[in-house]
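Here is what each chain is made of, one letter per residue.
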Amino acid sequence: MNRKDFISLSGLGFLGLYACGTSNLTSKEKPLAIQLYTIRNAVSANLEKSLERLADLGFTQLEIYGYDGKFFGKNRAEFQSILKNVGMEVISSHHTTGIVHNSKGTLLNNWEQSVEDLNFIGSKYMVCSYLFPEERTAEHYRQLPDLLNQSGGITSKAGLGFAYHNHDFEFETFDDKTVYDFILDNTDSDLVKMELDLYWISKAGLNPVEYFENYPKRFPLWHVKDMKAGTKDFAEIGNGTIDFETIFKAKEKAGLTYWFLEQDSSDKDIFESIKISKNYIDNHSYFKTK
(Lines give C-alpha, C1' and ligand atoms only; values in the text may rest on other atoms or scores of the structure.)
Protein backbone atom coordinates (compact mmCIF):
# COMPACT_ATOMS: atom_id res chain seq x y z
CA MET A 1 0.00 0.00 0.00
CA ASN A 2 1.43 3.39 -0.94
CA ARG A 3 1.26 6.42 1.33
CA LYS A 4 -1.62 8.16 -0.46
CA ASP A 5 -3.76 5.02 -0.28
CA PHE A 6 -2.88 4.71 3.40
CA ILE A 7 -3.91 8.30 4.06
CA SER A 8 -7.21 7.72 2.24
CA LEU A 9 -7.95 4.62 4.25
CA SER A 10 -7.09 6.30 7.54
CA GLY A 11 -9.40 9.18 6.70
CA LEU A 12 -12.22 6.69 6.08
CA GLY A 13 -11.73 4.98 9.38
CA PHE A 14 -10.10 1.80 8.03
CA LEU A 15 -6.81 2.34 9.81
CA GLY A 16 -7.59 -0.21 12.48
CA LEU A 17 -8.38 -2.87 9.86
CA TYR A 18 -5.00 -2.30 8.29
CA ALA A 19 -3.12 -2.17 11.57
CA CYS A 20 -2.13 -5.82 11.75
CA GLY A 21 1.58 -5.90 11.07
CA THR A 22 1.84 -2.11 10.81
CA SER A 23 2.12 -1.11 14.46
CA ASN A 24 4.64 1.64 13.71
CA LEU A 25 2.08 3.41 11.55
CA THR A 26 -0.66 3.22 14.15
CA SER A 27 1.48 4.07 17.16
CA LYS A 28 0.01 6.52 19.65
CA GLU A 29 3.46 8.00 20.21
CA LYS A 30 3.90 11.69 19.45
CA PRO A 31 4.48 12.23 15.71
CA LEU A 32 8.02 12.96 14.61
CA ALA A 33 8.67 16.58 13.58
CA ILE A 34 11.49 18.23 11.64
CA GLN A 35 12.59 21.78 10.82
CA LEU A 36 12.41 21.85 7.03
CA TYR A 37 15.51 24.05 6.81
CA THR A 38 17.46 20.84 7.40
CA ILE A 39 16.76 19.80 3.78
CA ARG A 40 16.62 23.29 2.26
CA ASN A 41 18.66 22.30 -0.82
CA ALA A 42 16.29 19.44 -1.61
CA VAL A 43 13.29 21.70 -1.01
CA SER A 44 14.68 24.26 -3.47
CA ALA A 45 14.97 21.51 -6.10
CA ASN A 46 11.56 19.89 -5.57
CA LEU A 47 9.30 20.72 -2.65
CA GLU A 48 6.76 17.89 -2.89
CA LYS A 49 9.33 15.18 -3.58
CA SER A 50 11.34 16.37 -0.58
CA LEU A 51 8.29 16.18 1.68
CA GLU A 52 7.53 12.70 0.35
CA ARG A 53 11.04 11.58 1.31
CA LEU A 54 10.53 12.90 4.83
CA ALA A 55 7.14 11.19 5.04
CA ASP A 56 8.74 7.91 3.97
CA LEU A 57 11.14 8.31 6.90
CA GLY A 58 8.21 8.66 9.30
CA PHE A 59 7.94 12.43 9.70
CA THR A 60 4.43 13.87 9.90
CA GLN A 61 5.00 17.36 11.32
CA LEU A 62 6.99 20.31 10.05
CA GLU A 63 8.42 23.60 11.08
CA ILE A 64 8.80 25.71 7.96
CA TYR A 65 10.86 28.73 6.96
CA GLY A 66 10.96 31.33 4.21
CA TYR A 67 7.35 32.53 4.11
CA ASP A 68 7.35 35.71 2.02
CA GLY A 69 3.67 36.07 1.24
CA LYS A 70 3.85 32.62 -0.32
CA PHE A 71 5.04 29.22 0.87
CA PHE A 72 8.00 28.14 -1.24
CA GLY A 73 6.44 29.91 -4.22
CA LYS A 74 2.99 28.43 -3.58
CA ASN A 75 -0.08 30.29 -2.40
CA ARG A 76 -1.61 29.07 0.82
CA ALA A 77 -4.23 26.87 -0.84
CA GLU A 78 -1.64 25.23 -3.09
CA PHE A 79 0.69 24.63 -0.16
CA GLN A 80 -2.10 23.22 1.97
CA SER A 81 -2.97 20.82 -0.86
CA ILE A 82 0.64 19.60 -1.01
CA LEU A 83 0.67 19.04 2.75
CA LYS A 84 -2.53 17.02 2.50
CA ASN A 85 -1.14 14.95 -0.36
CA VAL A 86 1.94 13.94 1.62
CA GLY A 87 0.15 13.53 4.95
CA MET A 88 1.93 16.31 6.82
CA GLU A 89 0.99 19.25 9.00
CA VAL A 90 2.78 22.49 9.79
CA ILE A 91 3.28 23.09 13.51
CA SER A 92 5.42 26.21 13.37
CA SER A 93 6.91 28.77 11.00
CA HIS A 94 10.09 30.87 11.16
CA HIS A 95 10.13 34.62 10.45
CA THR A 96 12.72 37.39 10.78
CA THR A 97 12.07 40.80 12.31
CA GLY A 98 12.13 43.04 9.24
CA ILE A 99 14.31 45.59 11.04
CA VAL A 100 16.98 45.32 8.33
CA HIS A 101 15.45 43.15 5.61
CA ASN A 102 11.85 44.36 5.58
CA SER A 103 10.39 41.83 3.17
CA LYS A 104 6.95 40.26 3.31
CA GLY A 105 6.51 37.72 6.05
CA THR A 106 8.58 39.60 8.61
CA LEU A 107 7.33 40.90 11.95
CA LEU A 108 7.33 44.50 10.66
CA ASN A 109 5.78 43.95 7.23
CA ASN A 110 2.04 43.28 7.30
CA TRP A 111 2.36 40.73 10.11
CA GLU A 112 -1.41 40.38 10.27
CA GLN A 113 -1.47 38.84 6.77
CA SER A 114 1.31 36.44 7.73
CA VAL A 115 -0.69 35.34 10.75
CA GLU A 116 -3.80 34.89 8.61
CA ASP A 117 -1.95 32.71 6.10
CA LEU A 118 -0.27 30.57 8.76
CA ASN A 119 -3.58 30.17 10.52
CA PHE A 120 -5.15 29.07 7.22
CA ILE A 121 -2.70 26.18 6.81
CA GLY A 122 -3.18 25.12 10.43
CA SER A 123 0.08 26.24 12.03
CA LYS A 124 0.06 26.43 15.81
CA TYR A 125 3.07 28.72 16.34
CA MET A 126 4.98 31.50 14.63
CA VAL A 127 8.57 32.14 15.63
CA CYS A 128 11.02 35.03 15.40
CA SER A 129 13.89 32.97 14.07
CA TYR A 130 17.01 35.11 13.77
CA LEU A 131 18.57 38.52 14.22
CA PHE A 132 20.86 39.48 11.36
CA PRO A 133 24.31 40.74 12.43
CA GLU A 134 23.32 44.33 11.63
CA GLU A 135 20.42 43.99 14.08
CA ARG A 136 22.61 42.98 17.02
CA THR A 137 23.08 46.44 18.50
CA ALA A 138 22.18 47.85 21.89
CA GLU A 139 19.54 50.06 20.29
CA HIS A 140 17.86 47.16 18.53
CA TYR A 141 18.08 44.89 21.58
CA ARG A 142 16.29 47.49 23.68
CA GLN A 143 13.49 47.78 21.11
CA LEU A 144 13.15 44.03 20.59
CA PRO A 145 10.89 43.15 23.57
CA ASP A 146 8.23 45.63 22.44
CA LEU A 147 8.32 44.22 18.91
CA LEU A 148 8.04 40.65 20.21
CA ASN A 149 5.17 41.56 22.54
CA GLN A 150 3.34 43.30 19.72
CA SER A 151 3.84 40.36 17.35
CA GLY A 152 2.81 37.88 20.02
CA GLY A 153 -0.32 39.86 20.75
CA ILE A 154 -1.40 39.65 17.12
CA THR A 155 -0.77 35.90 16.89
CA SER A 156 -2.57 35.35 20.20
CA LYS A 157 -5.73 37.05 18.93
CA ALA A 158 -5.71 34.56 16.03
CA GLY A 159 -5.25 31.61 18.38
CA LEU A 160 -1.59 30.99 17.53
CA GLY A 161 1.39 30.94 19.86
CA PHE A 162 4.49 33.06 19.34
CA ALA A 163 8.09 32.36 20.32
CA TYR A 164 11.67 33.56 19.92
CA HIS A 165 14.36 31.17 18.61
CA ASN A 166 17.95 31.57 19.79
CA HIS A 167 21.41 31.11 18.38
CA ASP A 168 24.53 31.58 20.51
CA PHE A 169 24.98 35.36 20.23
CA GLU A 170 22.01 35.89 22.56
CA PHE A 171 24.15 34.56 25.40
CA GLU A 172 26.58 37.45 25.13
CA THR A 173 26.42 40.12 27.83
CA PHE A 174 24.10 43.09 27.41
CA ASP A 175 23.25 45.59 30.18
CA ASP A 176 24.75 43.34 32.90
CA LYS A 177 22.84 40.26 31.72
CA THR A 178 22.68 38.16 28.59
CA VAL A 179 20.60 39.25 25.62
CA TYR A 180 18.57 36.07 26.14
CA ASP A 181 17.78 36.94 29.75
CA PHE A 182 16.93 40.49 28.70
CA ILE A 183 14.36 39.14 26.23
CA LEU A 184 12.91 36.75 28.82
CA ASP A 185 12.72 39.42 31.51
CA ASN A 186 11.20 42.13 29.33
CA THR A 187 8.55 40.26 27.35
CA ASP A 188 5.09 39.14 28.40
CA SER A 189 5.36 35.48 29.38
CA ASP A 190 1.86 34.84 28.03
CA LEU A 191 2.57 36.39 24.63
CA VAL A 192 6.22 35.50 24.02
CA LYS A 193 7.47 31.98 24.55
CA MET A 194 10.91 30.63 23.64
CA GLU A 195 11.93 28.05 21.09
CA LEU A 196 15.12 26.79 22.70
CA ASP A 197 17.80 25.53 20.35
CA LEU A 198 19.64 22.91 22.38
CA TYR A 199 22.71 23.02 20.15
CA TRP A 200 23.28 26.77 20.34
CA ILE A 201 22.75 27.10 24.09
CA SER A 202 25.10 24.15 24.62
CA LYS A 203 27.70 25.67 22.31
CA ALA A 204 27.50 28.85 24.39
CA GLY A 205 28.35 26.76 27.46
CA LEU A 206 25.04 27.20 29.30
CA ASN A 207 22.69 24.66 30.84
CA PRO A 208 19.15 24.43 29.39
CA VAL A 209 17.78 22.88 32.57
CA GLU A 210 18.78 25.94 34.61
CA TYR A 211 16.70 28.08 32.26
CA PHE A 212 13.74 25.74 32.70
CA GLU A 213 14.06 26.16 36.46
CA ASN A 214 14.38 29.94 36.29
CA TYR A 215 11.68 30.49 33.65
CA PRO A 216 9.24 27.57 33.97
CA LYS A 217 6.78 26.91 31.13
CA ARG A 218 8.41 29.45 28.81
CA PHE A 219 9.89 26.80 26.47
CA PRO A 220 7.12 24.96 24.58
CA LEU A 221 9.28 24.50 21.46
CA TRP A 222 12.76 22.99 21.13
CA HIS A 223 15.25 22.42 18.33
CA VAL A 224 16.98 19.12 18.94
CA LYS A 225 20.38 18.64 17.34
CA ASP A 226 23.75 17.45 18.55
CA MET A 227 27.27 18.90 18.75
CA LYS A 228 30.52 17.18 17.88
CA ALA A 229 33.22 16.94 20.52
CA GLY A 230 36.22 19.15 19.84
CA THR A 231 35.10 21.02 16.73
CA LYS A 232 31.59 21.76 18.09
CA ASP A 233 30.25 21.24 14.59
CA PHE A 234 26.70 20.00 13.99
CA ALA A 235 26.23 16.28 14.52
CA GLU A 236 23.52 13.68 14.16
CA ILE A 237 21.53 13.14 17.33
CA GLY A 238 23.46 10.62 19.41
CA ASN A 239 26.76 11.29 17.64
CA GLY A 240 27.67 14.27 19.80
CA THR A 241 28.09 15.49 23.34
CA ILE A 242 24.70 16.91 24.35
CA ASP A 243 23.04 15.13 27.28
CA PHE A 244 19.53 14.81 25.84
CA GLU A 245 18.34 12.42 28.53
CA THR A 246 18.93 14.94 31.32
CA ILE A 247 17.37 17.74 29.29
CA PHE A 248 14.27 15.75 28.37
CA LYS A 249 13.76 14.73 31.98
CA ALA A 250 13.07 18.43 32.64
CA LYS A 251 10.51 18.76 29.82
CA GLU A 252 7.56 19.25 32.21
CA LYS A 253 9.26 22.18 33.92
CA ALA A 254 10.10 23.64 30.50
CA GLY A 255 6.52 23.31 29.30
CA LEU A 256 7.61 21.37 26.20
CA THR A 257 4.84 20.85 23.65
CA TYR A 258 6.65 20.24 20.34
CA TRP A 259 10.25 19.61 19.38
CA PHE A 260 11.88 19.52 15.97
CA LEU A 261 14.82 17.53 14.72
CA GLU A 262 17.21 19.88 12.95
CA GLN A 263 20.71 19.69 11.51
CA ASP A 264 22.03 22.84 9.89
CA SER A 265 24.77 21.07 7.93
CA SER A 266 26.34 17.64 7.61
CA ASP A 267 29.48 15.92 6.37
CA LYS A 268 27.19 13.23 4.91
CA ASP A 269 24.17 13.24 2.64
CA ILE A 270 21.63 15.10 4.75
CA PHE A 271 19.00 12.37 4.42
CA GLU A 272 21.55 9.86 5.71
CA SER A 273 22.11 12.12 8.72
CA ILE A 274 18.37 12.33 9.30
CA LYS A 275 18.10 8.54 9.27
CA ILE A 276 20.92 8.27 11.84
CA SER A 277 19.20 10.77 14.12
CA LYS A 278 15.81 9.12 13.71
CA ASN A 279 17.21 5.69 14.56
CA TYR A 280 18.72 7.08 17.74
CA ILE A 281 15.46 8.79 18.67
CA ASP A 282 13.50 5.59 18.04
CA ASN A 283 15.78 3.66 20.39
CA HIS A 284 15.66 6.09 23.32
CA SER A 285 12.32 6.46 25.04
CA TYR A 286 13.13 9.73 26.81
CA PHE A 287 12.55 11.61 23.55
CA LYS A 288 8.84 10.93 23.82
CA THR A 289 6.90 13.93 25.05
CA LYS A 290 3.78 12.00 26.08
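The following paragraphs examine the structure supplied in this document.

**What to know about helix H7 (residues 179-186)**
Argument step 1. Of all eight residues that make up H7, six are buried, and the element is covered over most of its length.
Argument step 2. Among the residues of H7, those classed as buried are Val179, Tyr180, Asp181, Phe182, Ile183 and Leu184.

**Brief notes about unusual backbone geometry**
Argument step 1. A positive phi angle, close to 50°, is found at Asp175, a residue other than glycine.
Argument step 2. Relative to the assigned elements, Asp175 resides in the loop between strand E6 (173-174) and strand E7 (177-178).
Argument step 3. One non-glycine residue, Lys217, lies in positive phi territory at about 70°.
Argument step 4. Structurally, Lys217 is set in the loop between helix H9 (208-214) and strand E9 (221-224).
Argument step 5. Given a relative accessible area of 47%, Lys217 falls into the partly exposed group.

**Topic: the environment of Arg76**
Argument step 1. As for its position among the elements, Arg76 is in helix H4 (residues 76-86).
Argument step 2. Taking the relative accessible area as the measure of exposure, Arg76 reaches 27% and is therefore partly exposed.
Argument step 3. For Arg76 and Phe120, which are 44 residues apart along the polypeptide, the C-alpha to C-alpha distance reads 7.3 Å.
Argument step 4. The residues contacting Arg76, other than those within four sequence positions of it, are Phe71, Gln113, Glu116, Asp117, Phe120 and Ile121.

**Describing the side chain of Glu170**
Argument step 1. Tracing the backbone through its elements, the reader meets Glu170 in the loop between strand E5 (161-165) and E6.
Argument step 2. This buried residue, Glu170, is left without a salt bridge; Arg136 holds the nearest opposite charge, at 6.8 Å.
Argument step 3. Within the local environment of Glu170, its side chain forms a polar contact with the side chain of Tyr164, the two groups lying 2.6 Å apart.
Argument step 4. Look past the residues within four positions of Glu170 in its chain and what remains in contact with it is Tyr164, His165, Thr178, Val179 and Tyr180.

**Observations concerning the packing of H4 against helix H5 (residues 111-120)**
Argument step 1. Closest axis-to-axis distance for the H4/H5 pair is 10 Å, and the angle between their directions is 30°. With respect to H5, the element H4 is oriented roughly parallel. As H4 runs across H5, the sense of the crossing is right-handed. On H5, the residues touching Arg76, Ala77 and Gln80 of H4 are Gln113, Glu116, Asp117 and Phe120.
Argument step 2. Tallied by class, residues from the contact of H4 with H5 come to two nonpolar, two polar and three charged.

**Examining the packing of aromatic side chains**
Two descriptors summarise a pair of aromatic rings, namely the distance from one centre to the other and the angle between the planes of the rings.
Argument step 1. As enumerated under the stated definition, the model contains 27 aromatic pairs in all.
Argument step 2. Here the aromatic rings of Tyr37 and Tyr65 are separated by 5.7 Å at their centres, their planes lie at 90°, and the arrangement is edge-to-face. One end of the pair, Tyr37, is in the loop between strand E1 (32-35) and helix H2 (40-45); the other, Tyr65, is in the loop between strand E2 (59-64) and H4, with 28 residues separating them in the sequence.
Argument step 3. Here Tyr37 falls in the partly exposed class, since its relative accessible area comes to 31%.

Rules of the game
Throughout this document, residue positions are counted from 1 along each chain, in the order its sequence is written. Where local features are concerned, this predicted model is filtered to residues with pLDDT of at least 70; where side-chain atom pairs are given and counted, the filter is 80 or more; whole-chain, interface and lining totals use all residues. Derived side-chain values reflect all non-hydrogen atoms in the structure, with water molecules and hydrogen atoms excluded from consideration. Any residue under 20% of the maximum accessible area for its type is buried, any over 50% is exposed, and the rest in between are partly exposed; the area is computed with a 1.4 Å probe on protein chains only. The helix count covers DSSP runs of H or I at least four residues long, the strand count covers runs of E at least two residues long, and both are numbered beginning at the N terminus. By definition, residues are in contact when any of their heavy atoms lie within 4.5 Å. For the charge count, each Lys or Arg is scored as positive and each Asp or Glu as negative, with His and the chain ends excluded. What counts as a salt bridge is simple: a side-chain nitrogen of Lys or Arg found within 4 Å of a carboxyl oxygen of Asp or Glu. Two N or O atoms count as a polar contact when they lie within 3.5 Å, although within protein this holds only if one can serve as hydrogen donor and the other as acceptor, and sequence-adjacent residues are included solely when both atoms are side-chain atoms. What counts as an axis is a line fitted to C-alpha atoms, over the stretch in contact for a helix, and the angles between N-to-C directions run from 0 to 180 degrees. For this classification, under 35 degrees means roughly parallel, over 145 means roughly antiparallel, 65 to 115 means roughly perpendicular, and everything else is oblique. Crossing handedness is read from the near helix: turned anticlockwise from the far helix by less than a right angle, it gives a left-handed crossing, and turned clockwise, a right-handed one. Any residue outside Ala, Val, Leu, Ile, Met, Phe, Trp, Tyr, Cys, Pro, Asp, Glu, Lys and Arg is labelled polar, Gly included; the first ten of those are nonpolar and the last four are charged. Any two of the Phe, Tyr and Trp rings considered here, Trp counted by its six-membered ring, make a pair once their centres fall within 6.5 Å; the pair's planes then place it as stacked at under 30 degrees, edge-to-face at over 60, or tilted in between.

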